[in-house]
Amino acid sequence: MEETLRGAGVSHGVAIGPVRHMRTAVLEPPAARIAADQAPREQARAQQAVEAVAADLRARGNLAGGEAQAVLEAQALMALDPELMADVRRRTAVGSSAARAVYDAFAAYRALLATAGDYLAGRVADLDDVRNRTVARLMGVPMPGVPDSDEPYVLVARDLAPADTALLDPSLVLGFVTEEGGPTSHSAILARAMGVPAVVALPGATALAKGAVVAVDGSTGEVLVAPSPERQAELRRVAEERRAALAASSGPGRTSDGHRVPLLANIGGPAEVAAAVAAGAEGVGLFRTEFLFLDGSAQAPSEERQVEAYRAVLEAFPEGRVAVRVLDAGADKPLGFLTPADDEPNPALGVRGLRALLHHPEVLLTQLRALAKAADGLPVHLEVMAPMVADRVDARAFADACRAAGLPGAVGAMVEIPSAALRARSILQEVEFLSLGTNDLAQYTFAADRQVGAVARFQDPWQPVLLDLVAGAAEAARAAGQGCGVCGEAAADPVLACVLAGLGVTSLSMGAAAIPRVRATLAKYTLAQCERAAAAARAVDTAEEARAAAHQVLSGE
C-alpha cells in the first residue's frame, strides 16, 4: 500500500528505485589479550592501518575536490593524530590487539570531544568514521560505507559520512534519503553538486525495508513508499517536464524583463571546471584554493605549483569572471604551517581565514603573486577576495597585500561575519566588491555551528534576519557603485535566488548542477516580482513563513 513520508528536500529531481542501506559500522573488536612479544607487531599494524585510512581519505578528497576535499583532508589529519596513536601504543603494550587498542583509544578521545563544547562535539561523527574504517581494515571485514549493487538504487542511511558521499556514483545511486542532516549538511551540499535527488531529516528513514521501491522527490521532500505503476509513471512524466524546461533555458542569467543576474559556479579546483562550463556558468564566483594546501605537507605549495593550478582555471573562462578566494584555513581545516599549534577553545572563532594569513604574510604574498602570474596575458577578469573579513582594518590590510603583490584584478571581501554586513559601507572604502558566504554568515549570526545537527534550523538561509543582512550589504554596494554577489548554498535554491535578486544581489554563484534550474526559474519572473517576494520574505519572523511568503508572491496567489 502506498505511503507518503515527508522530510526536507535538499536536491531537486525525482528518483525511483529499490532501497539499499548504508553498510553499518563495524562490530566491537574482541577484548582477548595478546602476548607481550606480539605488542611491537600490533603497534606496527595499527600504524599501517591509520596511515592507509588517511591515504584513502586524501585520495577520495583529491578525486572529489571542492568542499568534500577540505572535509576529507581534516579527517585524514584526525586519523594521524599523534596523541591518538600514542594512546594506541600504550594499550597494545599492555595486551590489547591493534583493533581493540584503536577502538578503545578512539572511544576515549570521542568522550573528550563530546563534552568539549558544541564545536568539537560536532567532530564526533567524523571521528567515528575514521575509527570504523581503521578497525574494519585491521579486522579484515568490509569497510563501512556504500553498499555493493549491480543495479541502480536509492541509498538510505542515518546520515552519510563525507568519505562515502564524496564519491557516490550517480549512475548507480539514483537518489538518497537520510534520517538526519539538514539543508547545509555535507550530504545535502554534495547531492546538489552531483545533481542527485535527495531528502534529509526524514523520520524513520532507516526503517525502510531493503528492496522496497521508493520514489524520492527532492523538490518537495516527499518519499513515496511502494508507489503504484501509475503513480511512478506520473512522477516520471513530471520529472521529464522539469528536465525539458531546464534544457530549454540557456544563455546568461536574467529576469523575464531583462535584468541581468550573472550565474557563476563554485569550484574547488581544475577538475570541476568542465562541469561548470557544461552548465553554462558565466564564470566562477568562488574558486576555493584549499585543495592546493590540504595535502598533508609541512609547508605551503610552491609559487610555481600554484601558478599552474590557477592558470588551468583562468584559461577556461576567457572574457569571463573568476573570483578567487585566498586560502581559508583554520577551524575544521587546520594547517600545521599556518594555524595555531595550540588547541583553540573554539577554532571557528579563532585564527582562521584572513586572520591566519595576516599572521603569516609570506604565505599570502606567495599566493597573490602566483595569481598575478597566472592571469598574466589572459583576457579573463580576475577577482581576488579574502575570507573572514571583520572590518575596514581587515579589508585595508588585504587590499594593501594585493597591491604589494602587483595583482591586476579587482580586490574584494567576503561577508561571512555580521560585523562585515553591518559595516559594509566602511569596508567598501577599501575594496571593490563584496561576496556573501551565506553558510558562515548564518553560523555567526545565530551562534550555531554549521556542523552540529541540533542547531541545523539556524542554517536555513531563508531566516529573515539573514535576508536583512544580505539586503544591507547589497544596498551598501549599490550606493558605492560596486558589486555584491552571493556564493553560499543559498544561491542554489531557485526561489531564494529570485529573492536574492530582489534584495539587490548582483550575481549568484553555486554548484554547477544548480545553474540550469536557477536560470530557468529566474527567467520566469520580473525584477519587480522578485523585489516583492523579497519584501514579503523579510516581513515575517521565521524561515518557514519567509519561504511561504515568497512562494505566494511568485505564484500570484
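Definitions and limits used
Every chain's residues receive numbers from 1 upward, in the order its sequence appears when written. Note on the predicted model: pLDDT of at least 70 is required for a residue's local features to be given, and 80 or more for side-chain atom pairs to be given and counted; whole-chain, interface and lining totals, by contrast, use all residues. Values reported for side chains reflect all heavy atoms of the structure, with hydrogen atoms and water molecules removed beforehand. The rule is short: rings of Phe, Tyr and Trp, with Trp giving its six-membered ring, pair when the centres are within 6.5 Å, and they are stacked under 30 degrees, edge-to-face over 60, tilted in between. Think of it in three bands: residues with accessible area under 20% of the maximum for their type are buried, residues over 50% are exposed, and the middle band is partly exposed, with areas taken using a 1.4 Å probe on protein chains only. Strands are treated as partners if at least two bridges between them are detected by DSSP. Comment: elements are numbered from the N terminus, with helices defined as DSSP H or I runs of at least four residues and strands as E runs of at least two. With axes taken as lines fitted to C-alpha atoms, and helix axes fitted only over the stretch in contact, angles between N-to-C directions fall between 0 and 180 degrees. Whether two residues touch is decided by their heavy atoms; if any such pair falls within 4.5 Å, the residues are in contact. Only buried residues count toward a nonpolar core, which is a set of Ala, Val, Leu, Ile, Met, Phe, Trp, Tyr and Cys residues joined through side-chain atoms within 4.5 Å. Disulfides are defined as cysteine sulfur pairs within 2.5 Å. Angular relationships are summarised with four words: roughly parallel below 35 degrees, roughly antiparallel beyond 145, roughly perpendicular across 65 to 115, and oblique for the angles in between. In this classification, Asp, Glu, Lys and Arg are treated as charged, Ala, Val, Leu, Ile, Met, Phe, Trp, Tyr, Cys and Pro as nonpolar, and every other residue, Gly included, as polar. Helix crossings get a hand from a simple test, with the near helix turned counterclockwise from the far one by less than a right angle marking a left-handed crossing and a clockwise turn marking a right-handed one. Multiply 1.5 Å by the residue count of a helix minus one, and that product is the helix's expected span. Salt bridges, as used here, are contacts in which a Lys or Arg side-chain nitrogen is within 4 Å of a carboxyl oxygen on Asp or Glu. Whether a crossover is right-handed depends on one test, that the path from the first strand over the helix to the second runs clockwise when the strands point away from the viewer.

**Side note on the packing of aromatic side chains**
Part 1: According to the stated counting rule, one finds three aromatic pairs in the structure shown.
Part 2: Aromatic pair Phe287 and Phe291: ring centres 6.2 Å apart, planes at 25°, arrangement stacked. Here Phe287 and Phe291 have matching classes, each one buried.
Part 3: These aromatic residues form a ring-pair network of at least three members: Phe287, Phe291 and Tyr310.

**Brief notes about the sheet that holds strand β2 (residues 8-11)**
Think of a sheet as strands paired side by side through backbone hydrogen bonds, with each pair either parallel or antiparallel.
Part 1: Strand order in the open sheet formed by eight strands is β1-β8-β7-β3-β4-β5-β6-β2, with mixed pairing between adjacent strands. What marks the edges here is a single partner per strand, and that holds for β1 (3-6) and β2. Between one strand axis and the next, the sheet turns through 30° on average, direction left out of account.
Part 2: Direction of pairing for strand β5 (residues 173-178) relative to strand β6 (residues 198-200): parallel, over a ladder of two bridges. Each bridged residue has a counterpart across the sheet, and for Phe176 the counterpart in β6 is Ala198.
Part 3: Helix α9 (residues 229-248) contacts β3 (14-21), β7 (213-217) and β8 (222-225) of the sheet and is inclined by roughly 120° relative to β3.

**Side note on the nonpolar core**
Part 1: The biggest cluster of nonpolar side chains holds 103 residues, and the ones touching the most others in it are Leu368, Phe398, Leu434 and Leu508.
Part 2: Examining the composition of this core, we find that nine residues originate from one element, helix α18 (residues 464-480), more than from any other.
Part 3: Setting aside its immediate chain neighbours within four residues, Phe398 contacts Val326, Leu354, Leu364, Leu368, Val384, Met385, Ala386, Val411 and Gly412.
Part 4: Counting residues in hydrophobic clusters, the runner-up holds 26 residues, among them Ala76, Tyr103, Ala105 and Val135.

**Quick word on the sheet that holds strand β15 (residues 483-486)**
Part 1: A barrel is described by the order of its strands in space; here eight strands give the closed sequence β9-β10-β11-β12-β13-β14-β15-β16, paired in parallel fashion. Neighbour-to-neighbour, the strand axes of this sheet turn through a mean angle of 25°, independent of strand direction.
Part 2: Alignment of strand β11 (residues 321-325) against strand β12 (residues 381-386), held across five bridges, turns out to be parallel. Looking at the pairing, Arg321 lines up with His381 of β12.
Part 3: Set on the sheet, helix α13 (residues 361-375) makes contact with β11 and β12; between it and β12 the angle comes to about 170°.

**So, the state of the cysteines**
Part 1: Tallied over the entire structure, the rule returns zero disulfides.
Part 2: Unpaired in terms of disulfides, Cys487 finds its nearest cysteine sulfur in Cys484, a separation of 10 Å.

**Here's the deal with unusual backbone geometry**
Part 1: A positive phi is found at Glu319, a non-glycine position, where the angle reads about 70°.
Part 2: One can find Glu319 in the loop between α11 (303-314) and β11.
Part 3: Even without being a glycine, Met388 presents a positive backbone phi close to 60°.
Part 4: Tracing the sequence through the fold places Met388 in the loop between β12 and α14 (392-404).

**A look at the packing of α18 against helix α19 (residues 494-503)**
Part 1: Taken N-terminus to C-terminus, the directions of α18 and α19 make an angle of 40°; their axes are 9 Å apart at the nearest point. Relative to α19, α18 is oriented oblique. Within the contact between the two elements, α18 uses Leu467, Val470, Ala471 and Ala474 and α19 uses Leu496, Val499, Leu500 and Leu503.
Part 2: Tallied by class, the residues present in the contact of α18 with α19 amount to eight nonpolar, no polar and no charged.

**Some points on the environment of Arg100**
Part 1: Structurally, the position occupied by Arg100 is in helix α4 (residues 98-114).
Part 2: It is 8.0 Å that separates the C-alpha atoms of Arg100 and Val135, two residues lying 35 residues apart in sequence.
Part 3: With residues up to four places along the chain from it excluded, the contact list for Arg100 reads Glu28, Pro29, Pro30 and Ala31.

**Here we look at the packing of α19 against helix α20 (residues 515-522)**
Part 1: It is at 8 Å that the axes of α19 and α20 come closest, and there the two elements cross at 55°. Taken as axis vectors, α19 and α20 run oblique relative to one another. Taken as a pair, α19 and α20 cross one another with a handedness that is right-handed. Note on element contacts: α20 touches α19 through Arg517, Val518, Thr521 and Leu522, opposite Pro494, Val495, Ala497, Cys498 and Ala501.
Part 2: Considering only residue class, the contact of α19 with α20 consists of seven nonpolar, one polar and one charged.

**Details of α13**
Part 1: Over its 15 residues, α13 runs 21 Å from end to end, which matches the ideal 21 Å to within 8%, given 1.5 Å per residue.
Part 2: Inspection of α13 places Val363, Leu364, Thr366, Gln367, Leu368, Ala370, Leu371, Ala372, Ala374 and Ala375 among the buried residues, and these make up the whole buried set.
Part 3: Positive backbone phi, approximately 85°, marks Gly377, located one or two places after α13.

**Brief notes about the pattern of salt bridges**
Part 1: Counted according to the given criterion, the structure contains 31 salt bridges.
Part 2: Arg158 is paired through a salt bridge with Glu179; the nearest N and O atoms lie 3.2 Å apart. Here the residue Arg158 occupies a position in the loop between β4 (153-157) and α7 (162-165), and Glu179 occupies one in the loop between β5 and α8 (186-194), the gap between them amounting to 21 residues.
Part 3: Take Arg158: its relative accessible area is 45%, and that puts it in the partly exposed class.
Part 4: The residue Arg311 makes a salt bridge to Glu315 at a minimum N-O spacing of 3.3 Å.
Part 5: Arg311 sits in the partly exposed class, given a relative accessible area of 26%.

**Details of the pairing of strand β10 (residues 283-288)**
Two faces belong to every sheet, and in a regular strand the side chains alternate between them.
Part 1: Burial analysis of β10 places six of its six residues in the buried class, which makes it a mostly covered element.
Part 2: In terms of strand pairing, strand β9 (residues 263-267) meets β10 through three bridges, oriented parallel. Looking across to β10, one finds that Ile267 is bridged to Phe287.
Part 3: For the crossover that starts at β9, traverses helix α10 (residues 273-278) and ends in the parallel β10, the hand is right-handed.
Part 4: Alignment of β10 against β11, held across four bridges, turns out to be parallel. Note that in β11 the partner of Gly283 across the bridge is Arg321.

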